Amino acid sequence: MIVPMKKVTLLALKSEQDSALVALRSLGVMQIEQLRVGASDSAQQLKEEFDSGSRIVGELDKLFKENDGEVPAAGKRCSGAEAIESAGALLDKRDQLSGELNALSQRLKALEVWGEFDRPMLDELREKGIYVHLCAGSERQLREAEELPGVECRVIRQDSARIYFAAVSLEEQEPGTLPEIRLSAEDDPAELRSRIQERGREVGVINGRLKELFASLPAAKKRLRKLHAEWEFTTVHDSLDAHGEVVTLTGFVPEPELETLRAAARTNGWGLLVADPGPDDQVPTLLRESKFAKLISPLFQFLGISPGYHELDVSAAVLVFFTIFYGMIIGDAGYGLLFLAGTLFAMWKFRGRPAAQLPCRMMLVLSIAAIVWGVLTSNYFGTSPLPGLKIFTDPAVKEANVQAFCFILAIAQLSLGRIWQAFRDRNFRNIGKNIGWMLILWGNFFLTLKLIVWPGDFPVYMYWLYGIGLLLVIACDVNWKNMADVFQFPFNIIGSFVDVLSYIRLFAVGMAGYYIAFSFNGMASDIWKSSPWFLVFGILVAVIGHAMNLGLCILSVLVHGVRLNTLEFSNHVGLSWSGSNFKPFKNNTKSEEN
């Protein structure tokens, strides 16, 4: 459920504003409404310091993980601020050296077309009256160079675009006579290699010094958390409105936490003005879900979506249907077992990290769904070694039955959305509108069955469903005073049919996954049957094929399984996912000096 919010204005004495903010932060029950546009100089400075520190600590942590989390014995322990400052200077120097390395490497690569040559010797020959011109041009330009008196040409390399050649003469040629490539004083391959090695050694030294700071990485992260807390505190401080000797602060508080805030107000001598949020307020969303519905929250976090405050919490419904969609799209008990094994390993690997447990539990449920659907349809890595449920395995009826099941899921989920929306706004027009659309959806359901699954005559009750549904929608939903609404009405009817039809993607994607796996199995079988010597190669083809198919299945879940919930279903439940999560002003970590 979405927790009801109250809009609260807190009043405190100006002389006690800092202590009031400290006390309010310790409560952690109020999200502050940022009324001012732009940040103060101090807040901006803290934000820049925090952003810079985040980049530095992120780079240091990345290097730490690349080093397998090993801290050198000679690790340097220092304060978090010192560690960030030292690491920042080292990273800047490393970036500078890396840029120089890249430029030197590109210049050396550009000179590779000439092969190995001694740059100082070319200058020495020039001083002795022997001129070596390095040229690049077309065949015509090469012929013209060879025809010049006193010029000897030797082709060094040729590609599809140009011919690279050296033109040697005892007289200096006029500019423009030859297609000469002018070399700078630094274009010496030996010198470039020497400088590249030198820069590489310097980068290695810097990496070594960065590794010494691994011992101070926890202190650096602690410092980063403190900077964030200070920046947040300053930002909230900037949101205070002064009214003489009184300052005010506005924000949103969950109703269950209101009494906690009132108790603190009595203790600290604050004034509170409590009201319901207005229609124009950007109210944050706080979800209080059951243990069951909470399983889907990692998906919402991954997608970065949240229902609006005035919308419905559909977490439980999305979990049920997304689980079924996942099982049908993956559609393979073998793949499901792989996911299950990976999930169990992750649960063991990250057993000490509470944040990882909920995503693992979600994947556990989804993996079981893939296994169940694979068993029902007798699909194990694109093979059928065991019997499944006859209605889903009998070649004569399995495709029609799976298609029908897709449309049953469609009408169940979309009807649920309309019923949900009807009960949310309990007025005659809204109830009539949603019942009308639900009847149209049922008409679409029977229409798709007769058009796609079991072709035949349309049932009489389908016409009654369309007729009554259209009358209710025309009477309760269409605004006849708004021509745009009237013009859009026929397209909404077509859209409702497309919404039901869209669920056939579950059948199509699942079938595609099966046939891809089946095809790779056939390829691998043909290879290892052709010769025992090709057994390893055949196994390799099968493994690579199934790995590719597995990746496509995961992508299909994100594209199709997510879409059916966040688009088709959401349209019928009136959900725009326009919410922002409740983020209270609170202590995320203990304040500490570094």
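In short, a report on the structure. (Residues numbered from 1 in each chain as written. Predicted model: local features only at pLDDT ≥ 70, side-chain atom pairs only at ≥ 80, totals over all residues. Heavy atoms only, no water.)

**Observations concerning the sheet that holds strand 5 (residues 163-169)**
Read across the open sheet, the three strands follow the order 3-5-4; overall the sheet is antiparallel. Sheet topology places strand 3 (131-137) and strand 4 (151-158) at the edges, where each strand pairs with a single neighbour. When strand polarity is set aside, the average angle formed by the axes of neighbouring strands in this sheet is 25°. As defined by bridge partners, strand 4 adjoins strand 5 across seven bridges and the pair is classed as antiparallel. Bridge pairing links C153 to A167 in strand 5. Sheet strands touched by helix 5 (residues 139-146): strand 3, strand 4 and strand 5. Its angle to strand 4, the strand with the most contacts, is close to 155°. (Pairing = 2+ DSSP bridges. Helix = DSSP H or I, 4+ residues; strand = E, 2+ residues; numbered from the N terminus. Axes fitted to C-alpha atoms, helices over the stretch in contact; angles between N-to-C directions. Contact = heavy atoms within 4.5 Å.)

**Remarks on the pattern of salt bridges**
Any two side chains of opposite charge can pair, on the condition that their charged atoms come close. Enumeration according to the criterion identifies 24 salt bridges in this entry. The shortest N-O distance in the salt bridge between E124 and K128 comes to 3.4 Å. The closest approach of N and O atoms between R154 and E152, which form a salt bridge, is 2.5 Å. On the accessibility criterion, E152 (43% relative accessible area) is partly exposed. Via salt bridges that share partners, E100, E198, R199 and E202 belong to a single interconnected network. (Salt bridge = Lys/Arg side-chain N within 4 Å of Asp/Glu carboxyl O. Buried < 20%, exposed > 50% of the residue type's maximum accessible area, 1.4 Å probe, protein only.)

**Here's the deal with a nonpolar patch on the surface**
Together, F302, L303, L552, I554, L555, L558 and V559 make up a nonpolar patch on the protein surface, roughly 620 Å² of accessible area in all. With five residues, helix 19 (residues 535-573) is the largest single contributor of residues to the nonpolar patch. Relative to the helices and strands, L303 resides in helix 9 (residues 297-303). (Patch = residues over 30% accessible without salt bridge, like charges linked within 9 Å, V, L, I, M, F, W, Y side chains within 5 Å. Areas by Shrake-Rupley, 256 points an atom, 1.4 Å probe, with all protein chains shown as cover.)

**Considering the side chain of R505**
Relative to the helices and strands, R505 is located in helix 18 (residues 505-530). Buried charged residue R505 carries no salt bridge. Nearest counter-charge: E568, at 4.4 Å. Not counting the four nearest positions on each side in its chain, R505 is found in contact with H560, R563, L564 and E568. (Lys, Arg positive; Asp, Glu negative; His and termini not counted.)

**Some remarks on the environment of A356**
Checked against the element boundaries, A356 lands in helix 12 (residues 354-376). Look at A356 and you get buried, because its relative accessible area is 19%. In the structure, A356 is positioned 46 residues away from H310 in sequence and 30 Å away in space, judged by C-alpha atoms.

**Some details on the packing of aromatic side chains**
For the structure on display, the rule yields 20 aromatic pairs. Between F345 and W348 the ring centres are 5.9 Å apart and the planes differ by 40°, which places this aromatic pair in the tilted class. Pair noted here: F345 and W348 are both in helix 11 (residues 333-349), with a separation of three residues, about one helical turn. Residue F345 is classed as exposed on the basis of its relative accessible area, which comes to 51%. Of the aromatic side chains, those joined through ring pairs into one cluster are W442, F445, F446 and Y461. One residue, K47, lies across the ring of W231, its end atom 5.6 Å from the ring centre. (Phe/Tyr/Trp six-rings, centres within 6.5 Å; stacked < 30°, edge-to-face > 60°. Lys NZ or Arg CZ within 6 Å of the ring centre and 35° of its normal.)

**As for the pairing of strand 7 (residues 246-254)**
Burial analysis of strand 7 places eight of its nine residues in the buried class, the great majority of the element. Across two bridges, strand 2 (residues 31-32) lies against strand 7 in antiparallel orientation. Within strand 7, the position partnered with Q31 by the bridge is F252. Strand direction decides the pairing type here: strand 6 (residues 241-243) and strand 7, joined by three bridges, are antiparallel. Bridge pairing in strand 7 links H243 to V246.

**Comments concerning the packing of helix 18 against helix 19**
Between helix 18 and helix 19, the least distance of the axes is 8 Å, while the angle of their chain directions is 175°. The orientation of helix 18 with respect to helix 19, classified from their angle, is roughly antiparallel. (Parallel < 35°, antiparallel > 145°, perpendicular 65-115°, else oblique.)

**Some thoughts on unusual backbone geometry**
Leave glycine aside and you will find that most residues have negative phi; peptide bonds, for their part, are mostly trans. A positive phi angle, near 55°, is found at S378, a position not held by glycine. Topologically, S378 is positioned in the loop between helix 12 and helix 13 (390-393). Since its relative accessible area comes to 5%, S378 is described here as buried. The phi angle at F381 is positive, at roughly 55°, despite the residue not being glycine. Topologically, F381 is positioned in the loop between helix 12 and helix 13.

**A few points about the side chain of S315**
Of note, S315 is situated in helix 10 (residues 315-330). Exposure remark for S315: the relative accessible area of 2% places this residue in the buried category. Looking at S315, its side chain comes within polar contact range of the side chain of D313, at 2.6 Å. Apart from the residues within four sequence positions on either side, S315 is in contact with L287, E289, A293, I296 and F300. (Polar contact = N/O pair within 3.5 Å; in protein donor to acceptor, adjacent residues only side chain to side chain.)

**So, helix 8 (residues 258-268)**
Within helix 8, burial applies to L258, L261, A264 and A265. Looking straight down helix 8, one finds its buried side chains confined to an arc of 125°; they lie on one side. Exposed positions of helix 8 whose direction lies more than 90 degrees from the buried face are R266 and T267. For helix 8, the elements touching its buried residues are strand 1 (5-13), helix 1 (17-27), strand 7 and strand 8 (271-275). (Arc of directions from axis to C-beta.)

**Focus: the nonpolar core**
Of all hydrophobic cores here, the largest spans 64 residues; its most connected members are V314, F322, I330, Y503 and L506. Looking at which element gives the most residues to this core, the answer is helix 10, with ten residues. Discounting residues that sit within four places of it in the chain, F322 has contacts with I296, L299, L366, V557, G561, V562 and N565. Counting residues in hydrophobic clusters, the runner-up holds 37 residues, among them L108, V203, F214 and L217. (Core = buried A, V, L, I, M, F, W, Y, C linked by side-chain atoms within 4.5 Å.)

**Description of the environment of F569**
The residue F569 is located in helix 19 in this model. With a relative accessible area of 0%, F569 lands in the buried category. Apart from residues no more than four positions distant in its own chain, F569 is found in contact with V314, A317, V318, Q413, L414, G417, W420, Y503 and L564.

**Things to note about the packing of helix 15 (residues 428-453) against helix 17 (residues 483-501)**
Between helix 15 and helix 17, whose axes approach to 9 Å, the crossing angle comes to 55°. If you check the angle between helix 15 and helix 17, you find them oblique. Remark: the crossing between helix 15 and helix 17 carries right-handed chirality. Two secondary-structure elements touch here, helix 15 through W437, I440, L441, N444, F445, L447, T448, L451 and I452 and helix 17 through N492, I493, S496, F497, V500 and L501. Residue composition of the contact of helix 15 with helix 17, grouped by class: eleven nonpolar, four polar and no charged. (Left-handed = near helix turned anticlockwise from the far one by under 90°. Nonpolar A, V, L, I, M, F, W, Y, C, P; charged D, E, K, R; others polar.)

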